[in-house]
Structure formats: C-alpha cells, structure tokens
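Observations on chain architecture
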Amino acid sequence: MKEVKGYIGSYTKHDGKGIYNFTLDTEAKTIKSVETGYEVPASTYIVQHDDKLYGIKKVDSQAGIQSYQIKEDGSLEVINENLSSTDSACHIWVTKDGKYLLEAVYGPGLVRMYKLNSETGEVLELIDTVQQEGTGPHAERQDHAHTHYIQETPDGKYAVAVDLGTDEVITFTFGDEGFKRVHTLDVEPGMGPRHLVFNENGKYAYLFTELSNEVVVLQYNNGQFEMLDKLPTVPSNFTENTQGAAIRLSHDGKFLYASNRGHQSIAVFKVTNEGEKIELVEIVGTGGDWPRDFNIDPSDSFLVCAHEVDGVLSLFERDKETGRLTMIENNKRAPEGVCVQFL
C-alpha cells in the first residue's frame, strides 16, 4: 500500500471544520480516509512550507494567519497566530526563503504581507497593507477592487497580485520595507481575473478568469506581463451560470487544468511551444457541486477535487501521456472544502 497525505482547507459557515487531513491510497486507487485535522474558523486557504503549514483564521472581528507544525503522522500543532486585521483573506503564499507570507483579501480588495521566522514558523508581524483601487463593467462583482490571488514570481524579485474587481494583474517589489507597485497589466474589461500559475520555465503564466471563464496566456519578463492568447474553459453553447475557480499545472508542466463552478467541470489543456501555447484536450465533469479547488498528487497520477457546496471529494486517475482524467470515485466528503494541498 502506497499512501500519500494531504490537507483540505474549508469554510466554516455551515458544517465545515477548517482543516481536514486526507490519505490517498495510490495502489487501491481510493481516498482511504478524511478526518478533521484541526478545527479553526475561516481557514479557507492553506499553504505548506517545509514542515510548517499556514492557514487563514478569523475569530469575530479579528483576522489573520495561524501557523502550524506538521508532525510526522501529518497531525498539526499550533505554533502561533497573528490576528491583526479585520478582513480575512482568500489566498496566501509563503516565499521560497520562508521569510514572508503574502496575502490577498477579496472583500476590500487589498494585499497584506507578514514577516515570518523561517526557522520556527512563527508569524512575527504584519509588515504592510496595500489597498487596490478601481472598478470593472460587471456591476455586481466589480463595484470595487477584489484582490483574489498573490504569489512570488519565479525569479524571486516580485510579488504578483490578481484583482477580479479591477481587471488587473499587479506587480510589486516586496521586503521588510513593504510593497511597492511597479507594473500593472490591464486585461480585457469584465474578465474578472481570479488565479494564475507560472510555467516552470518562468517565461509564461496562465491567468484564469472567473467572470469570463477563460485561460489567458501571459508572457512574463522582469516584473512585466503581456497577454498572448486566451481560450474558453466551457463549451460555447453553455449559457447557464458558471464561474472559473482553480488553475494548476501537472508537475511535469505538460498539461494545464482549470475548474468551472456551475458547469461542474475541469478543462484540460496541453501546453506546447515551451509554454507559449495551450490546446484544449477535454472538458470532464467533476461529479460534485461547485468544484472550488483541486490538486495533483506528487506522482502526477491522481487528481483530487474538492466541491464547496456538497462537500464531495472526487478522485481522478490521470493519464500522463494525454493529460486526460478518469473519475475513480466521488463518495468521500470534506464539507465546504475550498483548498486542496498535498504534503
């Protein structure tokens, strides 16, 4: 039996617990177990750095980050918390050196940065908060800034944030002195950018839009982005409500995956021309309601998808040669699951 362990972050609005542990048995091809890993309110997005885990936390009017020590059995022990804000985030990222945690806050549309102790995992202090400004043509969803994603760029020089409300991809320098905005890419009005992922060569990135359900191929060079191409992730004849959610690359970098909430599917693309082009392979149903996030196991052989509305965990086997997905099971649950991370 070959076991792979992971975590699922969840909302805690209804029956979600915060952080779940799950075990994937790759020989039996089944999610062997799903257990409550740590009950914590509003722990939507979680991210691992070495043997530490960081998660979003909100208690009453206090919001911020809680850090955990990952034990040998995968259980979690709290290191500390820093709840120095009022609005909880939707996405977090730890820099490669483990010195900073970057945070995107959807509601008010801002980014925050915390200083970490890279050895102990402690969240030391909130260094900076930057408010984004602007609107988009979608009256309900783009009435003001809604920053949805932030990460360190592969060259380590910048942080890039994605704002759904302002249709922008924003680049900052960052450090102990805080953020400094250095470049902005304006995408097409009404796209509603949500998440992005970089090609392993660092030259290209793939931006997923929530409102237009498209993958936008971006060229990246020294803090600046340029739009090259865009492809839809749902069929052109689908007219019901659907919203882009998560986007991830296979570990070998050959295939790109994007989930569609409402259409209840994952679109599969082949990456070509050293990352400059993508080609649609298939769009496959996810077997659950509202596929909020998914991830691919370290062997590149399986994909686990978490559904926010019905809590279903769908397990797919992945063909490494074609990128195609075959559903194996969808009978396990992680209520309100919105983030999937493998150890």
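Every residue gets a number counted from 1 within its own chain, in the order that chain's sequence is written. The predicted origin of the model limits local features to residues at a pLDDT of at least 70 and limits the giving and counting of side-chain atom pairs to 80 or more, whereas totals for whole chains, interfaces and linings rest on all residues. Water and hydrogen atoms play no part in the side-chain values, which are based on all heavy atoms of the structure.

**Here's the deal with empty space enclosed by the protein**
A cavity, in this analysis, means grid points on a 1 Å lattice covering only the protein atoms where a 1.4 Å probe fits yet has no way out; a pocket is instead an open set bounded by protein on both sides within 12 Å along at least five of seven lines, and a residue lines either one if it has an atom within 4 Å of a point. Grid points are joined across faces, edges and corners, and a volume is the space filled by probe spheres set on the points. By the definition in use, this model includes 2 cavities of 30 Å³ or more. Its boundaries defined by the atoms lining it, the largest cavity holds a volume of some 80 Å³. Residue lining of the largest cavity: Thr44, Tyr45, Cys90, His148, Arg194, His195, Ala246, Arg292, Asp293 and Val338, and that is the complete set. Computed from the structure, the second largest cavity encloses a volume of approximately 40 Å³.

**A word on the side chain of glutamate 152**
If you trace the backbone, glutamate 152 turns up in strand S12 (residues 147-152). Here's how the labels work: a residue is buried when its accessible area is under 20% of the maximum for its type, exposed when over 50%, partly exposed in between, all with a 1.4 Å probe on protein chains only. In this tally Asp and Glu are treated as negative and Lys and Arg as positive; neither His nor the chain ends contributes. A pair is scored as a salt bridge if a Lys or Arg side-chain nitrogen falls within 4 Å of a carboxyl oxygen belonging to Asp or Glu. For the buried glutamate 152, which has no salt bridge, the nearest side chain bearing the opposite charge is lysine 96, at an N-O separation of 4.8 Å. Among the polar contacts made by the side chain of glutamate 152, one reaches the main-chain amide nitrogen of lysine 96 at a distance of 2.9 Å. Setting aside residues up to four positions removed in sequence, glutamate 152 forms contacts with Trp93, Thr95, Lys96, Leu102, Tyr158, Ala159 and Phe174. Helix and strand definitions here come from DSSP, where helices need a minimum of 4 consecutive H or I residues and strands a minimum of 2 consecutive E residues; each element is numbered from the N-terminal end. Polar contact is the term for a pair of N or O atoms within 3.5 Å; when the atoms are in protein, one must be able to donate a hydrogen and the other to accept it, and sequence-neighboring residues count only if both atoms are side-chain atoms. In what follows, a contact means two residues having at least one pair of non-hydrogen atoms within 4.5 Å.

**As for the nonpolar core**
The criterion is simple. A nonpolar core is a set of buried Ala, Val, Leu, Ile, Met, Phe, Trp, Tyr and Cys residues joined through side-chain atoms within 4.5 Å. Formed by 23 residues in total, the largest nonpolar core has its most connected members in Ile19, Leu53, Tyr54, Ile65, Ile92 and Leu101. Only strand S4 (46-49), strand S5 (52-59), strand S6 (62-70), strand S8 (91-94), strand S9 (100-105) and strand S10 (110-116) provide two or more residues apiece to this core. Those residues in contact with leucine 53 that lie beyond four places of it in its chain are Tyr7, Ile19, Ile46, Val47, Gln48, Gln66, Ser67, Tyr68, Ile70 and Leu76. Counting residues in hydrophobic clusters, the runner-up holds 16 residues, among them Tyr158, Val160, Leu185 and Val187.

**Things to note about the pairing of S8**
Pairing analysis gives 4 bridges linking S8 to S9, with the strands arranged antiparallel. Among the inter-strand pairings, histidine 91 is bridged to a residue of S9, identified as alanine 104. DSSP calls a pair of strands paired once it identifies at least 2 bridges connecting them. Counting the residues between successive antiparallel strands, the hairpin from S8 to S9 contains 5 residues, one of them, glycine 98, with a positive phi of roughly 75 degrees.

**Considerations on the layout of surface pockets**
The volume enclosed by the largest pocket comes to roughly 1000 Å³. In terms of lining residues, the largest pocket is bounded by 36 residues, among which Trp93, Val197, Arg248, His251 and Asn295 are the most central. The set of elements that each furnish at least two residues to the lining of the largest pocket consists of S4, S8, S12, strand S16 (193-198), strand S20 (243-249), strand S24 (291-296) and strand S28 (337-342). Three categories are distinguished: nonpolar for Ala, Val, Leu, Ile, Met, Phe, Trp, Tyr, Cys and Pro, charged for Asp, Glu, Lys and Arg, and polar for the others, with Gly belonging to the last. Among the residues forming the lining of the largest pocket, the class breakdown is 17 nonpolar, 12 polar and 7 charged. Approximately 430 Å³ is the volume found for the second largest pocket.

**Concerning the environment of valine 312**
Residue position: valine 312 is located in strand S26 (residues 312-318). Owing to a relative accessible area of 11%, valine 312 belongs among the buried residues under this scheme. Separated by 195 residues in sequence, valine 312 and asparagine 117 place their C-alpha atoms 36 Å apart. For valine 312, the residues in contact, after removing those within four places along its chain, are Gly287, Gly288, Cys305, Ala306, His307, Asn330, Lys332 and Arg333.

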